[in-house]
Amino acid sequence: MNEGPAALWEQRWWRAVQAALTSWQQQLPIQRVTDPAQAQVLVQRRRPPLQNNRASHGRALLQLLDVRRSGVWQLEPRVEVLISPGHAEPAMQATALHELGHGFGLWGHSPDPADAMAAVPGARPVLQLTARDRATLDWLRRQPSPFGQPLGSPPTAGA
């Protein structure tokens, strides 16, 4: 790890992301991998690109991939979660908590600014999942999903 001021910012970013992951780990089985190519949710310390000429502290970018696992083609999501460095640690933690929620399938937003998945954050950073966040995740996990199911036929080049 680097030394000096840059190392302090990196440590703050890492602590914020770790705290957000810990909150989600209480709700989901999260397996960390060392190879980024194997990750379904890839968290990066990077400022998100402007969207509609607006900056943001974080963003989740979804891709749907056809992957071959144990000889069987299946559809899997891959989400790149970008968390901007250089903010106060609570702000980075709240951003990571929210964007990881998108990474774990909660693509909608809550109307309540007290929720981690709020469309518009409140005056204070939300650092823990609320009962509404957990209930939404529980509901989502009960829904049928094509992810991880065998595909009808292998994808063809250019398709």
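Report on the accompanying structure. All residue numbers refer to positions counted from 1 along the written sequence of the respective chain. In keeping with the predicted nature of the model, local features appear solely for residues at pLDDT of at least 70, side-chain atom pairs appear and are counted solely at 80 or more, and the whole-chain, interface and lining totals rest on all residues. Side-chain descriptors were evaluated using all non-hydrogen atoms of the structure, hydrogens and water having been removed beforehand.

1. Let's talk about helix α2 (residues 89–103)
Consideration 1: Here a strand is any run of E in DSSP of at least two residues, a helix any run of H or I of at least four, and the numbering for each starts at the N terminus. Every helix has an expected span of 1.5 Å times one less than the residues it contains. Here α2 contains 15 residues, and its C-alpha end-to-end distance of 20 Å stays within 8% of the 21 Å for a straight helix at 1.5 Å per residue.
Consideration 2: Exposure classes here rest on a 1.4 Å probe applied to the protein chains alone. A residue is buried below 20% of its type maximum, exposed above 50%, and partly exposed in between. Within α2, 12 of the 15 residues are buried, leaving the element largely enclosed by the surrounding structure.
Consideration 3: Turning to α2, its buried residues number three or more, namely Met92, Gln93, Ala94, Thr95, Ala96, Leu97, His98, Glu99, Leu100, Gly101, His102 and Gly103.
Consideration 4: For α2, the secondary structure elements touched by its buried residues are α1 (5–25), β1 (41–45), β2 (58–69) and β3 (72–83).
Consideration 5: After α2 finishes, the residue Gly105 shows a positive phi value of roughly 110 degrees. Every residue pair with non-hydrogen atoms within 4.5 Å of one another is taken to be in contact.

2. Structural notes on the packing of aromatic side chains
Consideration 1: Side-chain rings of Phe, Tyr and Trp (the six-membered ring for Trp) are treated as a pair once their centres are within 6.5 Å; stacked means planes under 30 degrees apart, edge-to-face means over 60, and tilted covers the remaining angles. Inspection of the entire model under this criterion finds 2 aromatic pairs.
Consideration 2: For the ring pair Trp24 and Phe104, a centre distance of 5.6 Å and an interplane angle of 65 degrees mean the geometry is edge-to-face. Highlighted residues: Trp24 in helix α1 and Phe104 in the loop between α2 and α3 (131–141), separated in sequence by 80 residues.
Consideration 3: For Trp24, a relative accessible area of 0% translates into the label buried.
Consideration 4: The side chain of Arg12 reaches across the aromatic face of Trp9, ending 4.8 Å from its centre. Think of it as a cone above the ring: NZ of Lys or CZ of Arg counts as a charge over the ring if it is within 6 Å of the ring centre and within 35 degrees of the ring normal.

3. Structural notes on the nonpolar core
Consideration 1: If you look at the biggest cluster of nonpolar residues, it comprises 21 residues, and the most contacted ones within it are Trp24, Val81, Leu97 and Leu100.
Consideration 2: Among the elements of the structure, α1, β3 and α2 are those that each provide at least two residues to this core.
Consideration 3: Element by element, the count of residues in this core is highest for α1, at 6 residues.
Consideration 4: Once residues lying within four places of it in the same chain are set aside, the contact partners of Val81 are Val41, Leu42, Val43, Gln44, Arg59, Ala60, Glu99 and Leu100. Nonpolar cores are built from buried Ala, Val, Leu, Ile, Met, Phe, Trp, Tyr and Cys residues. Side-chain atoms within 4.5 Å join them into one set.

4. Quick notes on a nonpolar patch on the surface
Consideration 1: For patch building, the residue pool is restricted to those with more than 30% relative accessible area and no salt bridge; the joining distance is 9 Å between like charges and 5 Å between nonpolar side chains (Val, Leu, Ile, Met, Phe, Trp, Tyr). Here the accessible surface of atoms and residues is derived via Shrake-Rupley with a 1.4 Å probe, and residues count as covered only by protein chains that are part of the display. Any Lys or Arg side-chain nitrogen found within 4 Å of a carboxyl oxygen on Asp or Glu counts as a salt bridge. Where nonpolar side chains cluster on the molecular surface, the patch consists of Leu62, Leu64, Trp107 and Phe147 and spans about 380 Å² of accessible area.
Consideration 2: Looking at the element boundaries, Trp107 is found in the loop between α2 and α3.

5. So, the packing of α1 against α2
Consideration 1: Two elements in contact, α1 and α2, have axes whose closest approach is 8 Å; the angle formed by their N-to-C orientations is 45 degrees. With respect to α2, the element α1 is oriented oblique. In the packing of α1 onto α2, the handedness of the crossing is right-handed. Contacts between α1 and α2 involve Arg12, Trp13, Arg15, Ala16, Val17, Ala19, Ala20, Leu21, Ser23 and Trp24 from the former and Glu89, Met92, Gln93, Ala96, Leu97, Leu100 and Gly101 from the latter.
Consideration 2: Charged residues are taken to be Asp, Glu, Lys and Arg, nonpolar residues to be Ala, Val, Leu, Ile, Met, Phe, Trp, Tyr, Cys and Pro, and polar residues to be all remaining types, Gly included. The class makeup of the residues in the contact of α1 with α2 is 11 nonpolar, 3 polar and 3 charged. Axis lines are fitted through C-alpha atoms, for helices just across the contact stretch, and the angle between N-to-C directions can take any value from 0 to 180 degrees. Each angle is binned into one of four classes, with values under 35 degrees roughly parallel, values over 145 roughly antiparallel, values of 65 to 115 roughly perpendicular, and all other values oblique. Left-handed describes a crossing in which the near helix is turned anticlockwise from the far one by less than a right angle; the clockwise case is right-handed.

6. So, the sheet that holds β1
Consideration 1: Strands are treated as partners if at least two bridges between them are detected by DSSP. Strand order across the open sheet formed by 3 strands is β1-β3-β2, with mixed pairing between neighbours. Of all strands in the sheet, those with a lone pairing partner are β1 and β2, marking the two edges. Strand-to-strand twist across the sheet, computed as the mean angle between neighbouring axes with direction ignored, equals 20 degrees.
Consideration 2: The pairing of β1 with β3 spans 5 bridges and is classified as parallel. Opposite Val41, over in β3, you have Val79 as the bridge partner.
Consideration 3: α1 rests against β1 and β3 of the sheet, and its axis sits at about 150 degrees to β1.
Consideration 4: The strands that α2 touches are β1, β2 and β3; relative to β3, the one it contacts most, it runs at about 160 degrees.

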